[in-house]
Amino acid sequence: MTATFDIASLPRKRTEQSWLVRLFDYKPFLVTICLLPAAGLLLVFLTYPLGLGIWLAFTDTTIGRDGKWIGLENFEYLFEDTIFWQAVFYSVFYTSVATVGKFGLGLWLALLLNNHLPFKSILRAIILLPWIVPTVLSAIAFWWIYDPQFSIISYVAVDVLGVRDKYFDFLGSAWPARWSLIAANVWRGIPFVAISLLAGLQTISPTLYEAALIDGATGWQRIRFITFPLLLPILAIVMTFSIIFTFSDFQLVYAITRGGPVNSTHLMATLAFQRGIPGGNLGEGAAIAVSMIPFLVFATLFSYFALARRKWQQGESND
Amino acid sequence: MATIITRRDTLRLGAGAAAIAALGEQAAAQIPRADVAAPKLPIENGATLRVLRPARFVEPDETIFRANTAKFQAATGIETRVDFVGWEDIRQQTAVASNTGTGPDIVLGWAEDPNVYADKLIELSDVAEYLGKRYGGWSFLGDKYGKRQKTNNWIGIPFGGSTGPIAYRRSAVKEAGFDKIPNDHGEYLKLLQALKKINKPAGFALGNAVGDGNGFAHWLVWSHGGYLVDEDGKVAINSKETIAALNYLKELYPTFISGTLSWGDPSNNRAYAAGDCWLTANGVSLYFALKNDPAQRAIAEDTEHQALPFGLVGKPPQSSLILNAMVFRHSKYPNAAKTYLQFMMEAEQYDPWLTGCLGYWSHTLRAYAKSAVWDSDPKLEVYRNGTDNQFWSGYKGPISHAAGAVAAEYVLVQMFASVAAGQATPQEAAREAERRSRRYFR
């Protein structure tokens, strides 16, 4: 009797065990389980805020009052709003000029650092400083440098050297203010570009340069036909990041000018914040933020598909 | 920023509070008060309170406020916690508390906030009317901001107001040939031109400065008889008065120190303290920073205050930023909250606080004009009745959220700045300001 009991119960146990095991061996289930935490995090911290932002852009929500769906009204208002178009213009201008500046100077700096210099590691560490310092701190430093009354540059030019008789008015009118902010952004962005490109430069095999030297290539030719093409993949990535960071820059501009004088230095990000939080018009602020998306998508696609193309890197004939 | 008064703190504060209490009774003795019965507010069992208020101007603003709160806790047994948050953040936090129906019982917010959240607040008429009767009535702006619009019901208890009259260097104005600041637009322009000529220029913020920029823009509009909205809240900024103000600024602006288009709130304080700017408009902080710094003592002694030039309106065209307390309906202990507000406004507590704040806050209950603080320094005289100015943000319209948004968005400041910078004609600038304001007043 007991024997039959045991025999009857054993296989059942075995199937029970194998049911769990089977479940965990079942690939779709396992994939789902493993992805769940990551997907949950993404949903909560990325998809939800992004979705909420897009939803808000189509409502008239203000701080303190829930909004209702108003369709494209926010965008229609922005379309006629000269301040918004000014911000779009300056965002594009700021991003393109600052990116060119950062990459020009950053590449130059990377090439210099790639040579054998005494105290190489210390130098590289120092170069990173502007990038390590929190943006707000460097913004405050620039705020003082550009101050109409207490600027160190004005002090040196007027009171020490006497080459001018009036203080510089860096932030008092539109164009000087715009260029001043671009200069601050370039100063801040160079280290990131330089160090990233330096990493790229060091992966290029020295044998290529030796071969070129034997072939009698000039310095410019070595840069044009070896350094540049081999650097392009990393250049594309760094540029994508740099464009995104610059385009969505907020702290520098907000801390130094708050978008002034007369809104001439508003970026889309600062204008979105200004309208949304201090102005209390969350819907409109969100609409401005949403308007940034196409620009960012375009910049990303451009970097990936244009700059990273093999034909660009290795010549037309090489497929 | 958030601080909880723990038992240990209470003990320590208790000692301080005792000292302040003694001081309070002594100081408060000169505040005239009528014998009026306080409203009966039976305190709920087990009541606790959370209070939210903006960060301090000067240290006593916080320490005396806390000591008074500790005194309240000792007297009533109601555990009370005060959180101080940044100036820029309190509006948003008030909005969240109102929307979610949780959080602090009492918020000391800004000017129009009680009117924005009127439906979420409990009525405070009993306390406000008692305080008014006891302390000689509410000042103009106290009354304006305390009551729900177009009614006689109180929804706020205005604690104080901060106003920004002219601060100037007596020696410079004298050198320019004037004894005081003229009230007439033409004469005032002559003064500023003369100051520029002797290289001791005036300066007013035309950049994105919430306090100073809006104060200056409001003065220009109001002193010319203009206003943002009419009595019904319809936008009326595009008027011939505004155009006149814009044309006036075109003449005034060249007399300023350079760089005012990029000035933020602290800029004029710095330029004044450095001796670069000789006439500006500011709260009393400018003067006290100088007075308390031995190196700057000479500038402080040379500094005088005067109300903003009257222009065409015959009274100071300036307002006051009101610190306004409200009690949310979600509070489980409304009577305890009302008792707290009443307690804080009574002379034994309020007068030491007012005195400790050195004139940073002007009182809202008229009897406090007798407070010792106003006689402590003759240069504070102009701040004494700071909340009796007859103008408010969004003048002449009803108190509204929109007026605050227009100020936060620098609509008027930028209207003037664009003309000063030569980017727009007065007509274009006024039209643009009208278009932008309409967006908020709709």
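This one's a predicted model, so the numbers in the text were calculated from it and none came from an experiment.

Every contact between the two is made by 26 residues of chain B and, on the other side, 24 residues of chain A. Listed by contribution, the elements that provide at least two residues to the side of chain B that touches chain A are α3 (90-100), α11 (267-273), α18 (401-408) and α19 (411-420) of chain B. Of the residues forming the side of chain B that touches chain A, the biggest block, four residues, is contributed by α3 of chain B. When grouped by side-chain class, the residues that make up the side of chain B that touches chain A number 10 nonpolar, 12 polar and four charged.

In this structure, Ile106, Leu206, Leu220, Leu249, Tyr340, Leu341 and Phe416 of chain B are the most contacted members of the largest nonpolar core, which totals 141 residues. Residue contributions to this core peak at eight residues, all from α19 of chain B. Mapped onto the domain boundaries, this core takes at least three residues apiece from domain 1 (7-163 + 320-388) and domain 2 (166-318 + 409-440) of chain B. Beyond its immediate sequence surroundings of up to four residues, Leu341 of chain B is in contact with Ile106, Val127, Ile157 and Ala325 of chain B. Residues Phe58, Tyr90, Tyr146 and Ala272 of chain A belong to the second largest nonpolar core, which totals 56 residues.

All right, on to the domain arrangement of chain B then. Residues and elements named next belong to chain B. If you check the domain split of chain B, you get domain 1 (7-163 + 320-388) and domain 2 (166-318 + 409-440). For domain 1 and domain 2, the distance between their C-alpha centroids amounts to 31 Å. Each side of the interface is counted separately: domain 1 has 10 residues, and domain 2 has 11 residues. Classifying every residue of the side of domain 1 that touches domain 2 by side-chain character gives six nonpolar, three polar and one charged.

Here the focus is the pairing of strand β4 (residues 157-162) of chain B. Two faces, one strand: in a regular strand the side chains alternate between the faces of the sheet. Residue and element names in this part refer to chain B. Along β4, six of the six residues are buried, which leaves the element largely enclosed by surrounding structure. When β4 meets strand β8 (residues 321-327), the two strands line up antiparallel, connected through five bridges. By the bridge assignment for β8, Gly161 is matched with Ile322.

On to helix α10 (residues 219-247) of chain A, then. All names here are of chain A. With 29 residues, α10 extends just 35 Å between its outermost C-alpha atoms, more than 12% less than the 42 Å of an ideal straight helix rising 1.5 Å per residue. At Leu232, α10 is deflected by roughly 50 degrees, the largest bend along its length, and proline Pro233 occurs up to four residues later in sequence. All of the buried residues along α10 are Thr227, Leu231, Leu235, Ala236, Val238, Met239, Ser242, Ile243, Thr246 and Phe247.

Moving on to the domain arrangement of chain A. Residues and elements named next belong to chain A. Splitting chain A by domain gives domain 1 (2-57) and domain 2 (73-314). The distance between the C-alpha centroids of domain 1 and domain 2 comes to 46 Å. Its residues placed into classes, the side of domain 1 that touches domain 2 shows three nonpolar, one polar and no charged.

Another point: the packing of helix α9 (residues 210-223) of chain B against α19 of chain B. Geometrically, a packed helix pair is captured by the angle between its two axes and the distance between the axes. Residues and elements named next belong to chain B. Two elements in contact, α9 and α19, have axes separated by 8 Å at closest approach and are oriented at 75 degrees. In terms of their interaxial angle, α9 and α19 are classed as roughly perpendicular. Contacts from Gly213, Asn214, Ala217, His218, Leu220 and Val221 of α9 reach α19 at Leu412, Val413 and Phe416. Across the contact of α9 with α19, the residue classes tally to six nonpolar, three polar and no charged.

Time to look at the sheet that holds strand β7 (residues 303-306) of chain B. Residues and elements named next belong to chain B. Reading across the sheet, the three strands line up as β6-β5-β7 and stay open at both edges, with antiparallel pairing between neighbours. Unpaired on one side and paired on the other, β6 (279-281) and β7 mark the two borders of the sheet. Neighbouring strand axes in the sheet, compared pairwise and without regard to direction, differ in orientation by 25 degrees on average.

This part takes up the sheet that holds β8 of chain B. Residues and elements named next belong to chain B. One open sheet holds the five strands; their spatial order is β2-β1-β3-β8-β4, and the pairing between them is mixed. The open sheet has two edge strands with one neighbour each: β2 (79-85) and β4. Between one strand and the next, the sheet's axes are offset by a mean angle of 20 degrees, whatever the strand orientation. Where strand β1 (residues 48-54) meets strand β3 (residues 106-110), two bridges bridge the pair, whose relative direction is parallel. When the bridges of β3 are listed, Leu52 appears paired with Val107. Lying over the sheet, helix α14 (residues 334-345) contacts β1, β2, β3, β4 and β8, oriented at roughly 150 degrees with respect to β8.

Conventions adopted
- Residues numbered from 1 in each chain as written.
- Chains lettered and ligands numbered in written order.
- Predicted model: local features only at pLDDT ≥ 70, side-chain atom pairs only at ≥ 80, totals over all residues.
- Contact = placed C-beta atoms within 7 Å.
- Helix = DSSP H or I, 4+ residues; strand = E, 2+ residues; numbered from the N terminus.
- Nonpolar A, V, L, I, M, F, W, Y, C, P; charged D, E, K, R; others polar.
- Core = buried A, V, L, I, M, F, W, Y, C linked by C-beta atoms within 7 Å.
- Buried ≥ 20, exposed ≤ 12 C-beta atoms within 10 Å, placed from the backbone.
- Domains from an automatic or database assignment.
- Pairing = 2+ DSSP bridges.
- Expected span 1.5 Å × (residues − 1).
- Bend = angle between axes of the 7 residues up to and from the residue.
- Axes fitted to C-alpha atoms, helices over the stretch in contact; angles between N-to-C directions.
- Parallel < 35°, antiparallel > 145°, perpendicular 65-115°, else oblique.

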